[in-house]
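# Structural features, examined
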Amino acid sequence: MKEVFNNTQIDHFIHKGFIRIDQAFDAQLAAAARDILWKDMDADPDNPATWTKPVIWLGMYSAPPFVAAANTPVLHGAFDQLVGKGNWLPCGSMGAFPVRFPATADTGDTGWHVDASFPGNDPGDAWRINWRSKGRALLMLFLFSDVGEQDAPTVIREGSHLDVARLLKDEGEAGLTFMDLAMKLPSLPERKEVLATGQAGTVYLCHPFLVHRAQVNRGAAPRFLAQPPLLLKHVLQPEGDKAQLSPVAAAIRLGTDGVL
């Protein structure tokens, strides 16, 4: 299979924390998925008067359009390059859908954060994240509608994954809970902010430590986005032979040690 990314793009992922893929899945798949999502909401796509909530969270979806969107050849090739061939699990469903409707007031869920990836040891424990990114290979943003600068694009802090790797290394294998890590983020260095915009079918593949946040939708139409994790098959070994490190592990090495 022809490689999806060149060396410059891989270097961008390691140092900046994300790669954008245009037309990662077909726009017709996105439209079919939106039809399913509209049916699950108490809202009419042709009647803005029914858009009474600023955000509606929908659950996991495993219908054919969603699974097909998550498993295109270009995405599988990208996963192999970024995570390592054989070290990721195919997506059997599409993750949570925060559908954001045009609004003016803050929705209360727009804080900076890093997605957690594994549960604590005891039942009911908060989900956690550690320096090996236990469980999670990538954070992924699937655009199921066109997303411009006013349409609630996810905001990502370029290069922030390096700061988070260094912070998490000090916490050992147990890592931190989602909230404990979120409370530490204000102490990290300032980073350039990038908007995850694009046409329906665009996918952002992000390092699992990348700091990001949601926004209020200031546009005219609902924004449909999914954020499924790509799950790891084997535990990352960032301290291993640098020649054998995947770009995800190499970025952790760069963040924790300052060099590859």
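Structure: see above.
With that out of the way, let us pick up the sheet that holds strand 7 (residues 155–157). Read across the open sheet, the 3 strands follow the order 9-7-11; overall the sheet is antiparallel. The open sheet has two free edges, formed respectively by strand 9 (193–195) and strand 11 (212–213), since each of these has just one partner strand. Bridge analysis of strand 7 against strand 9 gives 3 bridges, and the strand direction is antiparallel. By the bridge assignment for strand 9, I156 is matched with V194.

Looking now at the packing of aromatic side chains. Summed over the entire model, instances satisfying the criterion amount to 14 aromatic pairs. With centroids separated by 6.4 Å and ring planes inclined at 35°, the aromatic side chains of F18 and Y204 adopt a geometry described as tilted. Residue F18 is found in strand 1 (residues 18–21), and its partner Y204 is found in strand 10 (residues 203–206); the two are separated by 186 residues along the sequence. The class of F18 is buried, set by a relative accessible area of 8%. Taken together, a centroid distance of 6.5 Å and an interplanar angle of 25° make the contact between F142 and F144 stacked. In terms of burial, F142 and F144 fall into one category: buried. Among the aromatic residues, those joined into a cluster by ring pairs are F25, Y61, F66, F97, F142 and F144. Geometry around W112 places R213 over its ring, the cationic atom sitting 5.1 Å from the centre.

Quick look at the pairing of strand 13 (residues 229–232) now. Within a regular strand, the side chains alternate between the two sheet faces. The alternating pattern of strand 13 places L230 and L232 on a buried face and P229 and L231 on a face that is not buried. One ladder, built from 2 bridges, connects strand 3 (residues 88–89) with strand 13; its direction is antiparallel. Along strand 13, the bridge assignment pairs W88 with L232. Of the strand pairs in this sheet, strand 6 (residues 136–143) and strand 13 are connected by 3 bridges, and their pairing is antiparallel. From the neighbouring strand, L138 faces strand 13, where its bridge partner is L230.

Here the focus is the environment of H212. In this fold, H212 is placed in strand 11. Separated by 51 residues in the primary sequence, H212 and H161 place their C-alpha atoms 10.0 Å from one another. Those residues in contact with H212 that sit more than four places away from it in its chain are G111, W112, H113, V114, D115, L139, T154, V155 and I156. Within the structure, the side chain of H212 is placed 3.0 Å from the backbone oxygen of L210, a separation counted as a polar contact.

This next bit is on the pattern of salt bridges. A full pass over the atoms with the stated rule returns 8 salt bridges. Across the pair D109 and R100 runs a salt bridge whose closest N-O atoms are separated by 3.0 Å. The exposure class of D109 is partly exposed, given its relative accessible area of 25%. As a salt-bridge pair, E239 and R132 come within 2.9 Å of each other at their nearest N and O atoms. Remark: R132 occurs in the loop between strand 5 (128–129) and strand 6 and E239 occurs in the loop between strand 13 and helix 7 (247–257); sequence separation between them is 107 residues. You can call R132 buried: its relative accessible area is 11%.

Let's shift gears to the nonpolar core. With 66 residues, the main nonpolar core has F97, L138, F142, F144 and L205 as its most contacted residues. When residues of this core are assigned to their parent elements, the largest contribution, 6 residues, is made by helix 7. Those residues in contact with F144 that lie beyond four places of it in its chain are F25, A30, A33, R34, F66, A69, M94, F97, A200, F224, L225 and A226.

Glancing now at the environment of K169. For K169, the position within the fold is in helix 5 (residues 160–169). When the C-alpha atoms of K169 and T256 are compared, they prove to be 6.6 Å apart, with 87 residues separating the residues in sequence. If we ignore the near neighbours within four places in the chain, the residues touching K169 are W131 and T256.

So, about the side chain of D163. Along the chain, D163 turns up in helix 5. Setting aside its immediate chain neighbours within four residues, D163 contacts L188, P189 and R191.

Procedures and definitions
- Residues numbered from 1 in each chain as written.
- Predicted model: local features only at pLDDT ≥ 70, side-chain atom pairs only at ≥ 80, totals over all residues.
- Heavy atoms only, no water.
- Pairing = 2+ DSSP bridges.
- Helix = DSSP H or I, 4+ residues; strand = E, 2+ residues; numbered from the N terminus.
- Phe/Tyr/Trp six-rings, centres within 6.5 Å; stacked < 30°, edge-to-face > 60°.
- Buried < 20%, exposed > 50% of the residue type's maximum accessible area, 1.4 Å probe, protein only.
- Lys NZ or Arg CZ within 6 Å of the ring centre and 35° of its normal.
- Contact = heavy atoms within 4.5 Å.
- Polar contact = N/O pair within 3.5 Å; in protein donor to acceptor, adjacent residues only side chain to side chain.
- Salt bridge = Lys/Arg side-chain N within 4 Å of Asp/Glu carboxyl O.
- Core = buried A, V, L, I, M, F, W, Y, C linked by side-chain atoms within 4.5 Å.

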